[in-house]
Structures are given as C-alpha cells and as structure tokens.
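Structural overview
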Amino acid sequence: MRAALNTTFLSLRVPNYRLFAGGQLVKLVGVWMMFTAQDWLVLELSGDSPGALGMVTALQFVPVMLLTLWSGRLADRYDKRKLLIAANAAFAAFAILFAVLVAAGVVELWHVFVSALFLGIANAVETPVRQAFVSELVELRLLPNALALSAATFNIARISGPALAGVLLAVLSTPGVFLISTALAVAPVFTYLRMRPAELHGADRRAGDGARVIDGLRYVGKRHDLLLPIGMMAVIGMIGFNFPVTLAALAKIEFNAGPSSFGLLTTCLAVGSLGGALAGTRRRTRPGVYKVIGAALFFGVFEFAVGFAPNFAVAALLLVPTGFFSIYLAQGANHRVQMGVDPAFRGRVMALYVLVFLGSTPIGATLSGWWGERFGVPSSIWAAGLVSFVAALGALAWQLRASGERLRIEKRPSRRIRLAVTPVVPRPRSTSCAHAEPLAHSGSGVNV
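Residues numbered from 1 in each chain as written. Predicted model: local features only at pLDDT ≥ 70, side-chain atom pairs only at ≥ 80, totals over all residues. Heavy atoms only, no water.

The name given to the protein chain in an unreviewed UniProt entry is MFS family permease, with the source organism recorded as Actinoplanes lobatus.

Here it is, written out as structure tokens:
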C-alpha cells in the first residue's frame with residue numbers, strides 16, 4: 001500500500017510542484033464554488049432559462065476561442081511563471097469586482113455576462129500557459145505522474161467546491177459564497193511567487209523568440225498521432241462536455257431540486273472524475289491511441305444513459321461512471337498529445353488542444369441551452385452522449401484505416417471477451433503518420 005501511495009504522489013516530492021498543486025487546489029475550490037453559485041444566480045435572474053445559462057458559459061469560453069493560440073505563442077517565448085502570476089492576478093481582480101456587486105445586492109443579469117467574459121479572458125491566457133508549465137516543474141520521467149496529479153487536483157476541487165457551495169448557498173446565501181470563493185482564487189499568485197526559478201526544467205525546452213503560431217499548426221498537421229486525439233476532442237469537447245449547462249438545468253427544471261441537490265449532481269460527476277484521474281497517476285508511458293478511443297466510447301454510452309435517467313437518484317448514480325470516463329478520456333488525450341510533442345512546440349500545441357477542447361464551448365453551450373429549451377433538458381444530454389459515441393467511432397475508423405490494422409474479438413481463458421488489434425498487411429507509413437508508434441500487437445486491446 002505504501003509503495004502504491006509513493007508511486008501515486010511521486011511528483012509531490014518536488015518543491016515547486018507542491019507549491020503549484022497546492023495553489024491550484026485552493027484556487028479551483030474557490031472557482032468551482034463561484035461557478036456553482038453563478039449558475040444558480042443566473043437561473044434566479046433569468047427565470048429558469050437554460051438559454052441564459054448557456055450564454056454565460058459561452059461568454060466564459062469565447063476568449064479561449066479567440067486568444068488561446070496567441071497565449072500558446074507567449075508560452076513558447078516568455079517566462080511561463082511570470083505569465084501565470086499576471087493572469088491569476090487579473091482573474092482575482094475580476095472576481096473581486098463581481099463579488100462586490102453581488103454582495104451589494106445590485107447585480108443584474110448583464111453584470112453576470114460581462115463578468116463571465118472578463119474571467120474568460122484571464123483564463124484564455126492562463127490555461128495553455130499552465131498546461132505547458134507543468135513540464136517545467138518536474139523532470140521528464142515524472143511528467144506523466146505530474147499531469148495525472150494535476151487532473152486529480154482539478155477533480156478534488158470539482159468535488160469539494162460544488163458540495164461546499166451547495167451547503168453555503170443554503171446557509172450564507174449567494175453573496176457569502178461569492179466572497180469566500182473570491183478569497184480562495186488569489187492563492188496561485190502567492191504560490192507562483194514562492195517558487196524557485198533556478199529549479200525549473202524549462203531552460204532546454206524553451207523555444208526562441210521566433211516562435212510562430214502557424215509553425216505550431218503545421219507541426220500538428222504533419223503528425224497523425226497528434227491530429228487524431230485533437231480532432232476527436234474537438235467534437236466531444238464541444239458537444240459532450242457541457243455539464244455546467246445541463247446539470248444545473250437538470251436539477252432545477254427537470255427534478256425540481258434545490259441548490260444543495262444541484263451540488264450533489266456535480267459532486268457525483270466529480271467523484272467519478274477523480275477516480276478517472278487517479279487511475280492515470282501510475283502511468284509511466286504515453287497512452288495508446290486505442291485506450292483513448294475506448295474511453296471516449298464508454299463516455300458516450302454513459303452520458304447517453306444519463307439523459308434517460310427516470311429520477312434524480314438514478315441520474316446521480318450514472319454520473320459517477322460518466323465522470324470517470326470523461327476525465328480518463330480527457331487526461332489520456334492530453335497525455336498522448338503532450339508526451340508526443342517536441343518541447344519547442346509544446347506551448348503552441350497545447351494551446352491548440354485547449355482551443356479545440358475548451359474554445360469550442362461557446363458553440364456547444366449555446367447549442368445545448370437552445371436544445372434544452374426547445375426539446376427538454378434530458379434530450380440535450382442523451383443527444384450529446386450519442387454525438388460523442390459517434391465521434392469516437394469515427395476516430396476508431398480513422399486510426400484503423402491510417403494504420404492498416406483491424407479489430408478482432410478474442411475469448412480469454414477467464415471467459416472475458418476482449419477486443420484486440422492486429423495488423424492486416426505491413427506497409428510503410430505516410431508522412432502524416434511518421435511519428436505514430438506501432439501499437440498493434442497481440443497484447444493491445446480493450447477488455448469489455
């Protein structure tokens with residue numbers, strides 16, 4: 001047990017990474033409290049409108065769509081730690097201003113829209129820089145563990161933040177939640193300042209001042225092994241990952257639940273997500289493409305099932321495996337991209353990943369809100385699961401065609417059915433697949 005724990009939390013032995021993880025945990029607890037209270041506030045101000053909820057979520061991510069590639073260029077040219085200090089300070093300032101409006105009792109719906117936009121601008125700069133910065137905090141051999149722990153930190157906050165917000169909304173009301181969450185959001189500014197720059201590992205991985213966005217896009221275009229997970233996550237991120245819109249509407253409109261029950265739904269999703277994140281902490285190598293696609297297929301199935309949940313309890317139970325495969329998928333795709341990229345391009349490639357995964361949210365959130373208002377909230381969930389499943393099937397077909405492999409069904413001695421991948425005819429790879437490792441062998445496959 002001790003050996004397993006030591007392996008799981010290996011990166012926390014690095015002082016700079018401990019500061020990073022601690023600051024992120026405190027901030028993200030506050031951010032999830034803030035977003036939970038914000039969703040509830042929007043429903044109160046808009047008369048239970050899923051469309052308004054979708055608009056707020058969209059505004060949070062419009063800056064990601066517009067600014068992320070530029071932020072990735074900054075990450076490859078300048079000191080990432082200083083960029084993160086500035087971006088987190090800006091986020092905290094915007095959050096404080098909005099919390100004052102809420103506490104003063106003068107907040108209106110348009111204030112929420114403007115606040116969401118400005119917080120989104122700060123996040124558009126911070127997110128790709130932070131994604132690339134993790135590789136500078138630890139040695140390359142610890143990078144898989146560090147990335148997995150970062151995902152676990154995110155999901156610990158996603159569990160505790162909404163749950164705490166649900167309780168505090170009932171006890172302190174909305175203004176109290178915003179004031180507490182704002183105080184927590186300042187934490188990363190101090191932890192980044194306390195880091196030791198001399199112990200960072202970025203000196204030999206940082207690109208020169210000539211880093212250009214177009215070079216990063218061309219680099220990805222020549223890499224099938226990067227293009228496939230990025231393309232798949234573009235669809236699933238836009239359509240399947242709209243839980244901030246769908247869960248609030250599902251709790252309040254479909255199940256007539258209160259804020260604490262909404263927090264419970266979000267917590268169930270996050271409990272599963274934490275399990276998915278911890279499942280990846282012992283990873284030591286780059287995840288295989290079929291493992292990532294398999295997680296996408298399972299995610300689509302469980303999200304589809306949530307849309308047909310007959311009551312609150314069943315929906316809450318189904319959200320646990322949905323959360324598990326959502327983060328196992330997102331983490332696996334992230335690892336596959338980040339661990340396969342040349343360090344000189346990491347900032348720009350991760351910016352592209354963030355763009356397609358999060359930057360497409362304005363489109364998906366608006367579409368989800370529109371669909372929920374016209375066809376019902378449950379249908380917006382099961383339709384998203386169906387689209388995610390079809391996207392995963394498309395990625396599977398793309399990979400099989402590009403690699404010349406095929407699927408076969410095996411029966412194991414334990415009577416378990418296993419999908420395995422075998423090559424049909426060995427053939428030279430095209431230029432676009434030059435960096436895709438040959439994964440097909442008798443040991444590759446997915447147990448079902």
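**Regarding the packing of aromatic side chains**
In this structure the tally under the stated criterion is 20 aromatic pairs. Seen in terms of ring centroids, Phe241 and Phe299 are 5.0 Å apart; in terms of plane orientation they differ by 35 degrees. Their pairing is tilted. With Phe241 in the loop between α10 (224-239) and α11 (243-254) and Phe299 in helix α13 (residues 289-306), this residue pair connects regions lying 58 residues apart in the sequence. By relative accessible area, Phe299 is classed as buried at 0%. Ring geometry for Trp370 and Phe375: centres 6.0 Å apart, planes at 75 degrees, overall edge-to-face. Ring-pair connections join several aromatic residues into one group, and the members of that group are Phe298, Phe302, Phe324, Phe325 and Tyr328. (Phe/Tyr/Trp six-rings, centres within 6.5 Å; stacked < 30°, edge-to-face > 60°. Helix = DSSP H or I, 4+ residues; strand = E, 2+ residues; numbered from the N terminus. Buried < 20%, exposed > 50% of the residue type's maximum accessible area, 1.4 Å probe, protein only.)

**Quick notes on the nonpolar core**
In this structure, Met232, Met233, Ile236, Ile293, Leu329 and Tyr353 are the most contacted members of the largest nonpolar core, which totals 54 residues. For this core, the secondary-structure elements that each account for two or more residues are α9 (213-221), α10, α11, α12 (259-279), α13, α14 (312-338), α15 (346-359) and α17 (377-403). Those residues in contact with Met233, other than ones at most four positions away along the chain, are Met238, Leu329, Ala330, Ala333, Tyr353, Val356 and Phe357. Counting residues in each nonpolar core, the second largest holds 34 residues, with Met34, Phe35, Val102 and Leu119 among its members. (Core = buried A, V, L, I, M, F, W, Y, C linked by side-chain atoms within 4.5 Å. Contact = heavy atoms within 4.5 Å.)

**Brief notes about helix α7 (residues 173-184)**
In an α-helix, one full turn covers 3.6 residues, which means residues spaced three or four apart are oriented alike. For α7, with twelve residues, the first-to-last C-alpha span of 18 Å sits near the 16 Å given by 1.5 Å per residue. For α7, every residue scored as buried is listed here: Thr174, Gly176, Val177, Phe178, Ser181 and Thr182. (Expected span 1.5 Å × (residues − 1).)

**Quick word on helix α4 (residues 80-103)**
If you check α4, its first and last C-alpha atoms are 34 Å apart, about what 24 residues at 1.5 Å a residue would give, namely 34 Å. The backbone nitrogen of Arg81 has a side-chain oxygen 2.9 Å away, supplied by the residue at the start of α4, namely Asp79. Gly105 lies just past α4 and shows a positive phi near 75 degrees. (Polar contact = N/O pair within 3.5 Å; in protein donor to acceptor, adjacent residues only side chain to side chain.)

**As for the pattern of salt bridges**
Inspection of the entire model under this criterion finds six salt bridges. With its nearest N and O atoms 2.8 Å apart, the salt bridge here joins Glu126 to Arg130. Linking Glu126 with Arg130, this pair stays in helix α5 (residues 109-137), spanning four residues, or about one helical turn. Residue Glu126 is classed as buried on the basis of its relative accessible area, which comes to 2%. The residue Asp215 makes a salt bridge to Arg218 at a minimum N-O spacing of 4.0 Å. Taken together, the residues span about one helical turn, with Asp215 and Arg218 both in helix α9 at a distance of three residues. When salt bridges that share partners are traced, they join Arg223, Asp225 and Arg286 into one network. (Salt bridge = Lys/Arg side-chain N within 4 Å of Asp/Glu carboxyl O.)

**A look at the environment of Ala257**
Within the secondary structure layout, Ala257 lies in the loop between α11 and α12. Sequence-wise, Ala257 and Phe312 are 55 residues apart; in three dimensions their C-alpha atoms are separated by 8.6 Å. Those residues in contact with Ala257 that sit more than four places away from it in its chain are Trp40, Ala251, Lys252 and Phe312.

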